[in-house]
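# Reading the structure
Residues per chain are reported as follows:
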Amino acid sequence: MEIDKKQYDAYVKKITPVHSLPLNMARAFVTGGVICTFGQLLMNGFLAAGLEKKAASTWMSLGLIACSVLLTGLGVYHKIVEFGGAGALVPITGFANSVAAPAIEYKKEGQVFGIGCKIFTIAGPVILYGVLASWALGVVYWIGGMMGIF
């Protein structure tokens with residue numbers, strides 16, 4: 001069966017989603033802003049409770065991670081990502097989601113072959129290349145320090 005090129009083009013145009021870059025950027029900005037505002041509220045709350053700035057920022061990060069994992073488990077974070085795109089994926093909450101989602105998805109396969117093997121399928125490359133890049137930059141900084149550049 002031969003398909004006419006015009007029919008095929010019409011079909012592709014019909015099923016291809018239409019994206020608006022300005023709208024996507026606005027959604028990402030708002031979503032990231034809401035997450036960061038929530039983090040700032042947590043930070044202010046911990047500071048008001050008497051914690052030092054370093055401890056408050058640690059607890060704020062833990063709070064954002066816990067909220068992200070909880071929302072991932074409830075199936076809500078995926079909807080936030082669908083709406084906000086990179087605004088929900090870039091902050092620490094997105095990284096926590098990328099670790100929690102595979103763990104939840106593969107828990108039925110058991111602790112070792114499910115969660116243990118699949119938990120870092122998404123976050124693993126980020127961790128690997130982040131550690132590798134920081135090591136390489138550390139070597140450059142060390143050599144630069146020995147040469148008097150830094």
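Provided above is the structure to which this section pertains.
What counts and how
Residues numbered from 1 in each chain as written. Predicted model: local features only at pLDDT ≥ 70, side-chain atom pairs only at ≥ 80, totals over all residues. Heavy atoms only, no water. Helix = DSSP H or I, 4+ residues; strand = E, 2+ residues; numbered from the N terminus. Rg over C-alpha atoms; globule rule 2.2 N^0.38 Å. Salt bridge = Lys/Arg side-chain N within 4 Å of Asp/Glu carboxyl O. Buried < 20%, exposed > 50% of the residue type's maximum accessible area, 1.4 Å probe, protein only. Expected span 1.5 Å × (residues − 1). Contact = heavy atoms within 4.5 Å. Axes fitted to C-alpha atoms, helices over the stretch in contact; angles between N-to-C directions. Parallel < 35°, antiparallel > 145°, perpendicular 65-115°, else oblique. Nonpolar A, V, L, I, M, F, W, Y, C, P; charged D, E, K, R; others polar.

Each helix and strand in the protein chain was counted, giving eight helices and zero strands. When the helices and strands of the protein chain are placed in sequence order, the string is α-α-α-α-α-α-α-α. Rg of the C-alpha trace for the protein chain: 22 Å, well past the compact-globule value of 15 Å for 150 residues, more than 25% over. Its C-alpha atoms give the protein chain principal-axis dimensions of about 70 × 45 × 40 Å.

Two side chains carrying opposite charge are able to pair once their charged atoms lie near each other. A full pass over the atoms with the stated rule returns one salt bridge. With its nearest N and O atoms 3.4 Å apart, the salt bridge here joins Asp-9 to Lys-5. In this pair, Asp-9 and Lys-5 both sit in helix 1 (residues 5–15), four residues apart, roughly one turn of the helix. The partly exposed category is assigned to Asp-9, whose relative accessible area is 39%.

Spanning 28 residues, helix 2 (residues 21–48) covers 40 Å between terminal C-alpha atoms, matching the ideal 40 Å at 1.5 Å per step. Of all the positions in helix 2, only Ala-28, Thr-31, Gly-32, Ile-35, Gly-39 and Met-43 are classed as buried. Those residues of helix 2 that are buried lie in contact with helix 3 (53–73), helix 4 (77–84), helix 5 (86–89) and helix 6 (92–105). Positive backbone phi, approximately 105°, marks Gly-50, located one or two places after helix 2.

This next bit is on helix 6. If you check helix 6, its first and last C-alpha atoms are 20 Å apart, about what 14 residues at 1.5 Å a residue would give, namely 20 Å. Inspection of helix 6 places Thr-93, Gly-94, Ala-96, Asn-97, Ser-98, Val-99, Ala-100, Pro-102 and Ala-103 among the buried residues, and these make up the whole buried set. Next to the buried residues of helix 6 lie helix 2, helix 3, helix 4, helix 5, helix 7 (111–118) and helix 8 (123–147).

Along the chain, Ser-68 turns up in helix 3. Excluding its chain neighbours within four sequence positions, the residues that come into contact with Ser-68 are Tyr-77, Thr-93, Ala-96 and Asn-97.

So, on to the packing of helix 2 against helix 4. Viewed as axis vectors pointing N to C, helix 2 and helix 4 meet at an angle of 135°, and their least axial separation amounts to 8 Å. As judged from the angle between their axes, helix 2 and helix 4 are oblique. Residues Arg-27, Ala-28, Thr-31 and Ile-35 of helix 2 lie in contact with helix 4, whose contacting residues are Tyr-77, Ile-80, Phe-83 and Gly-84. Per-class residue counts for the contact of helix 2 with helix 4 are five nonpolar, two polar and one charged.

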